[in-house]
Amino acid sequence: MARRCEICGRGPQVGNAVSHSHILTKRRWLPNLQSVRANVNGTVKRIRVCTRCLKSGRVARAI
């Protein structure tokens, strides 16, 4: 299962971890994904969405 938001498509970003001696090594920033029950096309499905989509109200939560 991919680490990607099913609403906005937000995924991992890459960059450098910088040590005190300025040695650069690759690192990843992962999105804060939550598994929620949501109404998708009239049916209740479990999807993985980022907290930014949850907070902005882009996801119709199922009760």
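Residues numbered from 1 in each chain as written. Predicted model: local features only at pLDDT ≥ 70, side-chain atom pairs only at ≥ 80, totals over all residues. Heavy atoms only, no water.

Scanning the protein from N- to C-terminus turns up one helix and four strands. N-terminal to C-terminal, the α/β element order of the protein is β-β-β-β-α. Radius of gyration (C-alpha) of the protein: 16 Å, far over the 11 Å computed for a compact globule of 63 residues. Over its C-alpha atoms, taken along the principal directions, the protein stretches across nearly 55 × 25 × 15 Å. For the protein, with 63 residues in total, the buried portion stands at 21%. Looking at the protein alone, contacts between residues at least 24 apart form 30% of all its contacts between residues at least 6 apart. (Helix = DSSP H or I, 4+ residues; strand = E, 2+ residues; numbered from the N terminus. Rg over C-alpha atoms; globule rule 2.2 N^0.38 Å. Buried < 20%, exposed > 50% of the residue type's maximum accessible area, 1.4 Å probe, protein only. Contact = heavy atoms within 4.5 Å.)

Non-glycine residue His 22 carries a positive phi angle of around 65°. Looking at the secondary structure, you find His 22 in the loop between strand 1 (13–18) and strand 2 (24–29). Residue classification places His 22 among the exposed residues on the basis of a relative accessible area of 58%. Positioned with a positive phi, Asn 41 is a non-glycine residue whose angle comes to about 55°.

Let's shift gears to the pairing of strand 4 (residues 43–50). Looking at chain direction, strand 3 (residues 33–40) and strand 4 are connected through eight bridges and run antiparallel. Each bridged residue has a counterpart across the sheet, and for Ala 38 the counterpart in strand 4 is Lys 45. Hairpin connection from strand 3 to strand 4: two residues lie between these consecutive antiparallel strands, with Asn 41 at a positive phi of about 55°. (Pairing = 2+ DSSP bridges.)

Right, let's talk about the environment of Val 59 for a bit. Inspection of the secondary structure puts Val 59 in the segment after helix 1 (51–56). Linking Val 59 and Val 49, residues ten residues apart in sequence, is a C-alpha distance of 8.2 Å. Sequence-distant contacts of Val 59, that is, excluding residues within four places in its chain, are made with Ile 7, Val 36, Ala 38, Val 49, Cys 53 and Leu 54.

Using the criterion set out here, one finds zero disulfides in the structure. Unpaired in this structure, Cys 5 has its nearest cysteine sulfur neighbour in Cys 8, at a distance of 3.6 Å. Note on Cys 5: relative accessible area 4%, which makes it buried. Unpaired in this structure, Cys 53 has its nearest cysteine sulfur neighbour in Cys 50, at a distance of 3.6 Å. Cys 53 gets classed as buried once you look at its relative accessible area, which sits at 0%. (Disulfide = S-S within 2.5 Å.)

A separate point is the nonpolar core. In this structure, Cys 5, Leu 33, Val 36, Ala 38, Ile 47, Val 49, Cys 50, Cys 53 and Val 59 together form the largest nonpolar core, which totals nine residues. Contributions of two or more residues to this core are made by strand 3 and strand 4. (Core = buried A, V, L, I, M, F, W, Y, C linked by side-chain atoms within 4.5 Å.)

These figures come from the coordinates and say nothing about function on their own.
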